[in-house]
Structures are given as structure tokens and as C-alpha cells.
Amino acid sequence: MLHINCGRLKVIQTLGEHLKLRQQVIATATVYFKRFYARNSLKCIDPLLLAPTCIFLASKVEEFGVISNSRLITTCQTVIKNKFSYAYTQEFPYRTNHILECEFYLLENLDCCLIVYQPYRPLLQLVQDIGHEEQLLTLAWRIVNDSLRTDVSLLYPPYQIAIGCLQIACVILQKDHKAWFAELNVDIEKIQEIARYIINLFELWKTYDEKKEIQGLLSKMPKPKPAPQR
Amino acid sequence: MSSLMMDYEFKMKTQTERVKVEDLFDYEGCKIGRGTYGHVYKGRPKDGSDTRDYALKQIEGTGLSMSACREIALLRELKHPNVINLIRVFLSHNDRKVWLLFDFAEHDLWHIIKFHRAAKANKKPVMVPKGMVKSLLYQILDGIHYLHSNWVLHRDLKPANILVMGERPERGRVKIADMGFARLFNAPLKPLADLDPVVVTFWYRAPELLLGARHYTKAIDIWAIGCIFAELLTSEPIFHCRQEDIKTSNPYHHDQLDRIFNVMGFPHEKDWEDIKKMPEHPTLLKDFKKSNYVNCSLVRYMDRHKIKPDSKAFHLLQKLLLMDPNKRITSEQAMQDPYFQEDPLPTQDVFAGCPIPYPKREFLTDDDQEEKSDNKRQNQQQQQPQPQQQQGQQQQQQGNQQDNHNPAKRVRMSGPQGHPGQVNQQAIPISQQQDFHQQPIMYNNGSQQQQQNFQQRF
Ligand SMILES: Nc1ncnc2c1ncn2[C@@H]1O[C@H](COP(=O)(O)OP(=O)(O)OP(=O)(O)O)[C@@H](O)[C@H]1O
Ligand SMILES: [Mg+2]
């Protein structure tokens, strides 16, 4: 399951990058996407439709502005064709009206809870507190980005995720901030769990040739059932 | 192809579970408000066991506009006795309309002040409890303090957006409404001014906004509260200004500044040191002569309106209406002011149990055609992005404000397409983020999963 999640979420990330969205918008879209499939099976709505819909909604909530529909569709087409042709052999099949309809379903399913709290802001605060270290911030920020591909954002509050990512960054950069971490008034066990989740993802990446395996995975996925033919 | 997008069973199941607004409420012919971005109806539940009234706001246009999105996203998280409660959202799939269900508030400060003005003109006194203005102000501050401590700026405070509950439930309770412009400010992705070039109605706009301030702040809401307080005390909009020809997207507005200086006097540099840094400061120096305002001061203005400069009310007003945003009092400090410790003390029911002298809301008829077409013209195409160069024109339309102090119209725009900017460095303490969700929010049909989600989210 995690594998499929990885591939799907990569669509959101790639779309977001092509649309030049801020990471925060992408992060929010990712959480919508995950929340939807935490409650519904993958066949309820085609993830290929839900992904751009999540981006469309998140950009409004995060006050990035309304993304032009035509630009969104064009980007979907380009991205699917150029970056994900190994997974999707067909052209991107959806149009604006599909996304707008899907948006209402998404809203209903999220029960209109749209504000998502992200680890980025607490991370900035924490790094500032350590004593501003550019390298540390950059790496920890990227780890936060990666953490979006796991389920941690559904399971832990943003400030804990931020601390978890910061810890991993410190380990990688071999920076000793143990004393500083010890001062923090947090549940260390929770932080460890978060770090484990993310490190598992890294381990997975090492051994996982996404391109080769994703076709196989996709074929195993349940597909939405079309309306009965009359 | 499209038949593949959604699972048939899922679609059918969602459709059967979906409740339609027209199935639950009678509201036809009961329109009570027509705003820039919606129509508001008084709704009665069809199920006779619930005899309360509700307000139903149908959002202008179709689909989920940026401002609808904001209002829903924020109100879904907020719960405070002085902030209007969003009970539920209806999404009407057929006509793609969005409906918001609120508690019904019989009164608002625009109607209340209008009533007092008319009474004053006819020399007929209105019988209201002595502490009413104080209670109103206290509850406005309380609601804004809640918003501000949850990192939400209202940005459109004016009398029409301050509602007051009628006989029942919550008799005489202030409800801050209309969050269509509100925004969370702990995570600004781009300077706020870029998104909504023209926000607060000019009469309630803080001087720093008129001088081109790039960022909205708590202090801007506080200025607006000061304006409302003055208006409650005198029944006149303190910075009343004709505004027929607002032609540019420029925030700088000569006549409005002139009006402010005519009441307050021209700001001394020692009173507002950073005024030099305001983008429009050079224009200010070019357009205005200090000597024209030497005889102007808030003391004199309020004295003309029979508010004594040595009263506690005046002292608090002066702190709310400080020109320098950095010196302006915060909502928290204002609530501690001696004014509120002095008799009569503020009451939860602003009418303090006395009979309510104000008329109930009337239903609007549809004959006000010009206003409707006005609305149509102003309304932004919901799902369409607005290319940058169109903005100026759109803002022009917002200039048609009537001098009759009608709840002013303004354009609510969806922002231009942005591009990624700098990470905002103004981080907030984690403890404050944690505070955000202390109260569980009340919302209909909160499923188990939803509840869990709330806790997890933060
Ligand atoms: N909960 C409510 N109970 C009673 N009346 C309400 C309620 N909400 C709104 N109204 C009425 O409808 C009017 C418009 O509502 P609201 O301010 O939310 O919409 P708007 O479109 O943003 O208006 P505007 O742009 O003119 O400020 C209010 O000024 C008020 O008179
Ligand atoms: Mg309003």
C-alpha cells in the first residue's frame, strides 16, 4: 500500500512543481488526498482525478489564488505524458468539469475541514532556536517534504513531525544537538516513531525501482466501476 | 472516459446521503441581505419541532470561490460566543451553489446605528440601557481577541458585519460575521495586499493602509473597532467620506486621508516615527499641508459630539484610534481598560434585559434591480483566474459606494496567479500553534472519523 501511496503522491508533488506552487500548497493537497483515501477505497474516485482536484482546492485554501482551469488541465496532460508515461499509457482523460465536480465530492468528504497545519513553520522556529544553520534547515526542510509521502501527517501533530525531521537531519549531518533536544518538552517516544516512519521510507527508496514496479502495482489496483450501461 | 472517474456505487451512496438545503428549510421570499458576494435568507426548519430561525447565505456565483473557501475554512475551525457560528455547509451539486447555515441574528450595528440616527434627526430619544455601547464594544473586542489569538485577521470590520442576537437564543449577544475576507496570518504565502488589493471599506480603513502598507495586521482590525466605537457613541461614521471616484488600484486615497486628518489632526513625526517608511509618504508630503489641520483633534471632534474628553470612553477611544499602528492598543489591553471596570459594567445581553427598541429584519423584495445588476457586475467569475492587468478595472467598480452609508460594496477578488516567494520567516511559537484547537468544534454530523481527524490535525 505504501508503494502505491508513494507513486500517487509523487503525481501531486510533480504537478505542484510544474504549476510552481509553494511547498505548503503541495503539502496541504497531499493531506487532502490522504484523508480522502483514509476514509474511502481507492476505487471510489480515480486518484488521477483526485490529485489535481486536491491541488486546485489547496491553492485556494492556502491563498495561493485560484489556479486557472486550463493551466491545470494542460499541466496534468504534460506531466502525465512526460513524467509518468511508464505508469499511465493513456492521455490524461479529465477536463475542468470533472475537476469541479470532484471538488464538491472532496469537500463533502473532508467535511469542509480545510485548514491543515504543516510542520514547516515549527521547523523554522526550531532551527532559529538552535542557532540559524542554513544547511540544517535545508536538509530538515527536505525531510519534511519527504515525510509527506508517509502517513505521519495523519498521525502526529506538525511540531512533533518537525522535531522528528530535524533529528534525522542532525544525524545525517553528524551535528550533535543532543543537549538541545533534551531541553525540549516533548514525548521522545513519539519523535522516535516519526523518525522511524520516515527512515523506513528512505530504506524503501534504496531498494525500490519505482518505474519498473509501478505498472505491476497499478494493474493490481481496484478500478472504479462505471455506471451500468443502459 | 469520464464514467471511469468515479465509482458508481460511491456516487450513488453519496447522493442518497446528501441533504439538500431546500429539503430542510423554508426560505423562499425571505431574503434579508444582499451582500457583495451572496444573498442571505432567513430560514425556518421544515421539521416543526425546531422553531428557531436560521440564516442561510447563498454564495454568489457558482462553485467554490476563493472567499467562500476562506470563510468556510476559517469558520469551520473557530468557535467563540462572539463569532458567528457556522452550523453547516450545503453543496448543491445540480446548480453548483454553495450555502452556509448560520444562527440567525435579528440585529446588526448598521441597522442599530441607522435607527439611532433617524431618531436623533427626529429628536426622539431611543430608550436603551446606559451600558449598551460599552457591552457592544466589550464583546466585539472579546471576539476579535479570540480571532487574533488564533492568528486570524478579520480585515473587514464595519457596523454591517457586527451582528447582534435578538430575543432568543443568546439575547443581545454580539456575533462577528462575514469572514469572507478573513485570513489566517501565521502562514502568509505572499504579502496580503497582493491578494486583495482593496479590502476594508474606506471609512474603516486604517491610515497605514491608505498610505500603502503591504501587510495587514491586528492593528488594522483595531482601528476599525475604534471607528465603530466612535460611531456607536455619536451615531455618525467618524471618518465619513464621499467616495465616488476610486479609480486606481492604488491604496492611497486622498479624500479619506483628508477626512482622517480633519478629525485627528495631521500626524506629528514624533507620534508616528515610521510614517516616513510608508510607501505613499512622498505623496502625502506632496498633497497635504500640515497647517490645514492645526485646529483639528479627536478631543475637539468628540467634544462637538458631546463626548467629554475626560471620560473613560474617550480615553479608550483615543488608544484605539492611534495613528501609529505600533502604538495602537491590542484587543487584550483594551479589554482591561478602566472603562470596562467603571459602572455600568458590560453585560452579556447588551440590552441588559430591557425591551429591544429596534425593528426586526425586513424581507427584501427583488425590485431593487440596479443593486442586483451592480452585484452581477462586481461579482468575480468564481472559477476563473483574474489576469493581473484586469485588477485595476475591477477595483474601479468598487468605487460606487453610496453616501447613504449603505453597507459598502467592494470587490472580492480571487488573487492573481502567484509565484512562489520567500519563505516567511516570522515564525510563531509552537505553543501558540498548539493552542489553536483547544475547543472541539461543533458542526453537524461530525462522524467518528472526523473527530479523530481533528485531534490528529494538530
Ligand atoms: N447570521 C445572520 N443572521 C442575520 N442576518 C445576517 C446573518 N448573516 C448575514 N446577515 C445579513 O446579511 C448581510 C450580508 O451578510 P454578509 O456580511 O455575511 O455578506 P456579504 O456578502 O459579505 O456582505 P457585504 O459584502 O456587503 O459585507 C449582513 O450585513 C446582515 O445584514
Ligand atoms: Mg458583510
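Please read these numbers as outputs of a predicted model, since none were measured by experiment.

Colleague: Looking at this structure, I do not really get the UniProt feature "domain: Cyclin-like" (unreviewed entry) in chain A. What am I missing?
Modeller: Here the UniProt feature "domain: Cyclin-like" (unreviewed entry) sits at residues 10–108 and 121–200 of chain A. The straight-line gap between the two end C-alpha atoms of residues 10–108 of chain A is 24 Å; of that span, 70% is helix and 0% is strand.

Colleague: Is there a simple way to explain the packing of aromatic side chains in this structure?
Modeller: For any pair of aromatic rings, the description rests on two quantities: the centre-to-centre distance and the angle between the ring planes. Under the definition given, this model contains 27 aromatic pairs over all chains. Taking the centre distance of 5.6 Å and the plane angle of 80° together, the rings of F92 of chain A and Y94 of chain A count as edge-to-face. Neither F92 of chain A nor Y94 of chain A differs from the other in exposure class; each is buried. Between Y339 of chain B and F340 of chain B the ring centres are 5.1 Å apart and the planes differ by 55°, which places this aromatic pair in the tilted class. Look at Y339 of chain B and you get buried, because its relative accessible area is 6%. Note on F340 of chain B: relative accessible area 5%, which makes it buried.

Colleague: I tried to follow the nonpolar core on my own but got confused; where do I start?
Modeller: Soluble globular proteins tend to pack their nonpolar side chains together in the buried interior. Membership of the largest hydrophobic core comes to 159 residues, with the highest contact counts inside it found for I45 and L114 of chain A together with L109 of chain B. When sequence neighbours within four positions are dropped, the list of residues in contact with L109 of chain B reads L136, I140, P159, I162, V164, I228 and L232 of chain B. With 34 residues, the next largest nonpolar core counts L123, I130, I143 and I198 of chain A among its residues.

Colleague: What is the right way to look at helix α12 (residues 312–320) of chain B in this model?
Modeller: An α-helical turn contains 3.6 residues, so a residue and the one three or four places further along point in the same direction. All names here are of chain B. Burial in α12 covers these residues: A313, F314, L316, L317 and L320. End-on view of α12: buried residues confined to an arc of 165°, all on one side of the axis. Check the buried side of α12 and you find it contacts α5 (132–149), α8 (218–234), α11 (298–304) and α13 (331–335).

Colleague: Please explain the coordination of the magnesium ion (ligand 2) as it appears in this structure.
Modeller: Reference geometry at the metal: tetrahedral coordination by four donors gives ideal angles of 109.5 degrees; octahedral coordination by six donors gives 90 or 180 degrees. Residue and element names in this part refer to chain B. The protein atoms donating to the magnesium ion (ligand 2) are N161 (OD1) and D178 (OD), with metal-donor distances spanning 2.1 to 2.3 Å. Of this pair, N161 sits in the loop between β8 (152–153) and β9 (162–164) while D178 is found in the loop between β10 (174–176) and β11 (183–184), placing the two residues 17 residues apart along the sequence. Accessibility classification places N161 together with D178 in one group, the buried group.

Colleague: Got a minute to help me understand the packing of helix α4 (residues 69–83) of chain A against helix α5 (residues 96–109) of chain A in this structure?
Modeller: Two numbers describe a pair of packed helices, the interaxial angle and the distance between the axes. All names here are of chain A. Running from N to C, α4 and α5 point in directions that differ by 105°, and their axes come no closer than 10 Å. As summarised for this structure, α4 and α5 are arranged roughly perpendicular, according to the angle between their axes. Residues N69, L72 and I73 of α4 lie in contact with α5, whose contacting residues are T96, I99 and L100.

Colleague: For this particular structure, what's the right way to read the environment of P169 of chain B?
Modeller: Looking at where P169 of chain B falls in the secondary structure, it is placed in the loop between β9 and β10. P169 of chain B sits 47 residues away from Y216 of chain B along the chain, and the two C-alpha atoms are 34 Å apart.

Colleague: How should the pattern of salt bridges be read in this particular structure?
Modeller: Between side chains of opposite charge, pairing is possible as soon as their charged atoms come close. Residue and element names in this part refer to chain B. Using the criterion set out here, one finds 27 salt bridges over all chains in the structure. Between E236 and R117 there is a salt bridge, and its shortest N-O distance comes to 3.1 Å. Of this pair, E236 sits in the loop between α8 and α9 (254–264) while R117 sits in helix α4 (residues 109–121), placing them 119 residues apart in sequence. The partly exposed category is assigned to E236, whose relative accessible area is 24%. Residue classification places R117 among the partly exposed residues on the basis of a relative accessible area of 30%. Between K270 and D271 there is a salt bridge, and its shortest N-O distance comes to 3.6 Å. Assessed through its relative accessible area of 35%, D271 is described here as partly exposed. Each of K42, R44 and D53 takes part in one network of salt bridges that share partners.

Colleague: Looking at this structure, how should I read the sheet that holds strand β7 (residues 107–108) of chain B?
Modeller: Each strand in a sheet pairs with another by means of backbone hydrogen bonds, the pair being arranged parallel or else antiparallel. All names here are of chain B. Here we have 3 strands laid out as an open sheet, ordered β7-β9-β10, and antiparallel in their pairing. Edge strands, defined here as strands with exactly one partner in the open sheet, are β7 and β10. Looking at chain direction, β9 and β10 are connected through 3 bridges and run antiparallel. Looking at β10, one finds that L163 is bridged to K175.

Colleague: What is the right way to read unusual backbone geometry from this model?
Modeller: Cis geometry is found at the peptide bond from R168 of chain B to P169 of chain B, where omega equals -10°. For the peptide bond that leads from D343 of chain B to P344 of chain B, omega is -10°, which places it in the cis range. Considering the arrangement of structural elements, one finds P344 of chain B in the loop between α13 and α14 (369–378). Not every positive phi belongs to a glycine, and C112 of chain A is a case in point at roughly 60°. Within the secondary structure, C112 of chain A is located in the loop between α5 and α6 (120–130). Although it is not a glycine, R96 of chain B adopts a positive phi angle of roughly 60°. Within the secondary structure, R96 of chain B sits in the loop between β5 (86–92) and β6 (97–103).

Rules of the game
- Residues numbered from 1 in each chain as written.
- Chains lettered and ligands numbered in written order.
- Predicted model: local features only at pLDDT ≥ 70, side-chain atom pairs only at ≥ 80, totals over all residues.
- Heavy atoms only, no water.
- UniProt positions renumbered as here; feature names shortened; annotations may be inferred.
- Helix = DSSP H or I, 4+ residues; strand = E, 2+ residues; numbered from the N terminus.
- Phe/Tyr/Trp six-rings, centres within 6.5 Å; stacked < 30°, edge-to-face > 60°.
- Buried < 20%, exposed > 50% of the residue type's maximum accessible area, 1.4 Å probe, protein only.
- Core = buried A, V, L, I, M, F, W, Y, C linked by side-chain atoms within 4.5 Å.
- Contact = heavy atoms within 4.5 Å.
- Arc of directions from axis to C-beta.
- Donors = N, O, S within 2.8 Å, 3.2 Å for Na, K, Ca; no water.
- Axes fitted to C-alpha atoms, helices over the stretch in contact; angles between N-to-C directions.
- Parallel < 35°, antiparallel > 145°, perpendicular 65-115°, else oblique.
- Salt bridge = Lys/Arg side-chain N within 4 Å of Asp/Glu carboxyl O.
- Pairing = 2+ DSSP bridges.

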